[in-house]
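Residue strings, one per chain:
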Amino acid sequence: MRAIVTDGFGGPQVLQLTDVPDPAPGPGEVLIAVLASGVNRADLLQRQGFYPAPPGASEIIGLEVSGRIAGLGPDVEGWRVGDECVALLAGGGYAELVAVPAGQVVRPPQGIDLVSAAGLIEVAATVASNLTRVALAGGETFLVHGGTGGIGSFAIQYAAALGARVFATAGSTDKLALCRRLGAEAAFDYHDDWLGALLVATAGHGADVILDVIGAKYLDANTDALADDGRLVVIGLQGGRKGTLDLGRLLAKRGLVTATSLRGRPAEQKAAICAEVVHTIWPLFASGAIKPAQETRFPAASVAAAHEHLGSGDAVGKLLLTWA
Ligand SMILES: NC(=O)c1ccc[n+]([C@@H]2O[C@H](COP(=O)([O-])OP(=O)(O)OC[C@H]3O[C@@H](n4cnc5c(N)ncnc54)[C@H](OP(=O)(O)O)[C@@H]3O)[C@@H](O)[C@H]2O)c1
């Protein structure tokens, strides 16, 4: 098969499309003929050597794909060769074929183009599992940082569908407007005083739940932004991994801080999350309550351009690699 491999760690130029041996599905796995691969920020980190594949996972970059079943390993039920599918991966997605535990493979949502479906499951699984973990409820106030990225575009729509009051941060006027079109009540430029603006917009209440992709740099401000009984869930460390947490402020608010990573979770947990996504999220796509994020497609051979674009900060929504 053709796959994108890395020639050392570094910039997008280390990504190379080349021939490698086909993977074979093991017990409980299916083989997928990939139609499209989602590109995630984590892929840029892995390319640079900062985010190695978990033990046992493919060294090939790529956390999600769409395609058709091309083969079945022993002990797999419920799938036939040719079935359309979407898969959540620990790695191996930048390739024409990928072998994956069947529990991480689901049918695409109804009415969604199969190429677009490649960019749905990583963000849906991440956001849904975390908002379930911190029990975001209708009527609560929700803040997501980076409202027009892959995570943010989905999180705004999903939180709005849950009936939350949604606020977001973003880095440009155009992106602030897009946050509002996606369903945010207001959006704040993160170069300015987003904390002050949030407190004004919520009449001093703050956010009941914050979904944070920045980490250390925002730990202090996020703690200040929490409402009483508020929950901060950190899923990204773009602003560093080590910060100082003011426990005095946190305990005065009865606040909760949690952090999770999807990639390294055991296959059984990922299977349970995928089942949750099919049950709770796919119907929202099928009904049009949530739309796939704005997307930009690149042929797989142009993977370096895709990584350049995501790394530039100009990207909006999801980037996809397509396989002819
Ligand atoms: N823990 C997990 O399981 C998990 C799973 C998936 C993703 N993630 C993480 O989630 C993060 C987002 O992933 P993604 O795929 O959505 O990436 P993405 O599409 O590249 O989006 C990155 C977002 O970060 C925003 N951002 C950058 N600097 C910011 C700042 N100072 N303040 C507020 N927002 C800022 C960007 O906003 P602008 O475009 O407006 O600048 C953009 O919306 C990444 O760190 C990724 O590793 C974690």
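Figured I'd write up the structure that's included with this text. (Residues numbered from 1 in each chain as written. Predicted model: local features only at pLDDT ≥ 70, side-chain atom pairs only at ≥ 80, totals over all residues. Heavy atoms only, no water.)

Details of the nonpolar core
And step 1. Ranked by size, the top nonpolar core spans 44 residues in total, and within it Phe142, Phe154, Ile281 and Trp282 carry the most contacts.
And step 2. Listed by contribution, the elements that provide at least two residues to this core are β5 (84–88), α2 (121–133), β8 (141–145), α3 (150–161), β9 (165–170), α4 (173–182), β11 (207–212) and α8 (267–287).
And step 3. The dominant element in this core, judged by the number of residues it contributes, is α2, at 7 residues.
And step 4. Both domains that furnish three or more residues to this core are identified here as domain 1 (2–120 + 263–322) and domain 2 (124–259).
And step 5. Filtering out sequence-adjacent residues up to four positions away, isoleucine 281 remains in contact with Ala124, Ala128, Phe154, Tyr158 and Glu276.
And step 6. Grouped together as the second largest cluster of nonpolar side chains are 36 residues, Ala3, Leu15, Tyr94 and Leu319 included. (Core = buried A, V, L, I, M, F, W, Y, C linked by side-chain atoms within 4.5 Å. Buried < 20%, exposed > 50% of the residue type's maximum accessible area, 1.4 Å probe, protein only. Helix = DSSP H or I, 4+ residues; strand = E, 2+ residues; numbered from the N terminus. Domains from an automatic or database assignment. Contact = heavy atoms within 4.5 Å.)

Description of the packing of α2 against α8
And step 1. Contact geometry of α2 with α8 gives a least axis separation of 9 Å together with a crossing angle of 90 degrees. Considering their axes alone, α2 and α8 lie roughly perpendicular with respect to each other. When α2 is examined against α8, the residues Ile121, Ala124, Ala125, Ala128, Ser129 and Thr132 are found in contact with a partner set consisting of Ile273, Cys274, Glu276, Val277, Ile281 and Trp282.
And step 2. Broken down by class, the residue content of the contact of α2 with α8 amounts to 9 nonpolar, 2 polar and 1 charged. (Axes fitted to C-alpha atoms, helices over the stretch in contact; angles between N-to-C directions. Parallel < 35°, antiparallel > 145°, perpendicular 65-115°, else oblique. Nonpolar A, V, L, I, M, F, W, Y, C, P; charged D, E, K, R; others polar.)

Some words on α3
And step 1. Helix length check: α3 (12 residues) gives 17 Å between terminal C-alpha atoms against 16 Å at 1.5 Å per residue, within 8%.
And step 2. The complete set of buried residues in α3 reads Gly150, Gly152, Ser153, Phe154, Ala155, Ile156, Gln157, Tyr158 and Ala159.
And step 3. Among the residues trailing α3, glycine 163 stands out with phi positive, at a value near 90 degrees. (Expected span 1.5 Å × (residues − 1).)

Re the site of the ligand
And step 1. As a matter of local geometry, the ligand sits amid 23 residues, with Arg41, Ile151, Lys175, Tyr190 and Tyr218 nearest to it.
And step 2. Glutamine 238 is positioned such that a nitrogen or oxygen atom in its side chain is 3.1 Å from an oxygen atom of the ligand.
And step 3. At a separation of 2.8 Å, a nitrogen atom of the ligand approaches a polar backbone atom of threonine 260.
And step 4. Listing elements by their share of the shell around the ligand, those giving two or more residues are α2, α3, β9 and α6 (216–225).
And step 5. The residue inventory of the shell around the ligand, partitioned by class, reads 9 nonpolar, 10 polar and 4 charged. (Near = heavy atom within 4 Å. Polar contact = N/O pair within 3.5 Å; in protein donor to acceptor, adjacent residues only side chain to side chain.)

A few points about the environment of valine 233
And step 1. Position of valine 233 among the secondary structure elements: in strand β12 (residues 226–234).
And step 2. Each C-alpha atom, one on valine 233 and one on phenylalanine 285, is 24 Å from the other, the two residues being 52 residues apart in sequence.
And step 3. The contacts of valine 233, once residues within four sequence positions are left out, are Asn130, Val134, Ile210, Leu211, Asp212 and Thr258.

Topic: the side chain of lysine 318
And step 1. Within the secondary structure, lysine 318 sits in strand β15 (residues 318–322).
And step 2. Its relative accessible area of 5% is what places lysine 318 among the buried residues.
And step 3. Engagement of the side chain of lysine 318 in a polar contact is seen with the side chain of glutamate 64, the distance being 2.6 Å.
And step 4. Other than its neighbours up to four places away in sequence, lysine 318 contacts Val39, Asn40, Glu64, Gly119, Val123, Gly150, Ala293, Gln294, Glu295 and Thr296.

So, the environment of valine 316
And step 1. As for its position among the elements, valine 316 is in the loop between α9 (303–312) and β15.
And step 2. Taking the relative accessible area as the measure of exposure, valine 316 reaches 17% and is therefore buried.
And step 3. Residues valine 316 and glutamate 295, spaced 21 residues apart in sequence, show a C-alpha to C-alpha distance of 7.4 Å.
And step 4. When sequence neighbours within four positions are dropped, the list of residues in contact with valine 316 reads Thr148, Lys175, Leu178 and Gln294.

Overview of helix α5 (residues 194–201)
And step 1. Listed in full, the buried residues belonging to α5 are Trp194, Leu195 and Leu198. Buried residues in α5, looked at end-on, bunch into an arc of 100 degrees, giving them a common side.
And step 2. Residues of α5 that are buried sit in contact with β8, β9, β10 (186–189), β11 and α6.
And step 3. Backbone geometry just downstream of α5 places alanine 203 in the positive-phi region, at approximately 50 degrees. (Arc of directions from axis to C-beta.)

Points about the pattern of salt bridges
And step 1. What the rule picks out here adds up to 12 salt bridges.
And step 2. Ionic pairing is found between glutamate 96 and arginine 2, a salt bridge with its closest N-O pair at 3.0 Å. In this pair, glutamate 96 is assigned in the loop between β5 and β6 (97–101) and arginine 2 in strand β1 (residues 2–6), connecting sequence segments 94 residues apart.
And step 3. Given the relative accessible area of 22%, glutamate 96 is considered partly exposed.
And step 4. Ionic pairing is found between aspartate 220 and arginine 249, a salt bridge with its closest N-O pair at 2.8 Å. Separated by 29 residues along the polypeptide, aspartate 220 in helix α6 and arginine 249 in helix α7 (residues 247–252) bring together distant segments of the chain.
And step 5. A relative accessible area of 39% means that aspartate 220 is categorised as partly exposed.
And step 6. Here arginine 249 falls in the partly exposed class, since its relative accessible area comes to 25%. (Salt bridge = Lys/Arg side-chain N within 4 Å of Asp/Glu carboxyl O.)

Purely geometric numbers; function is a separate question.
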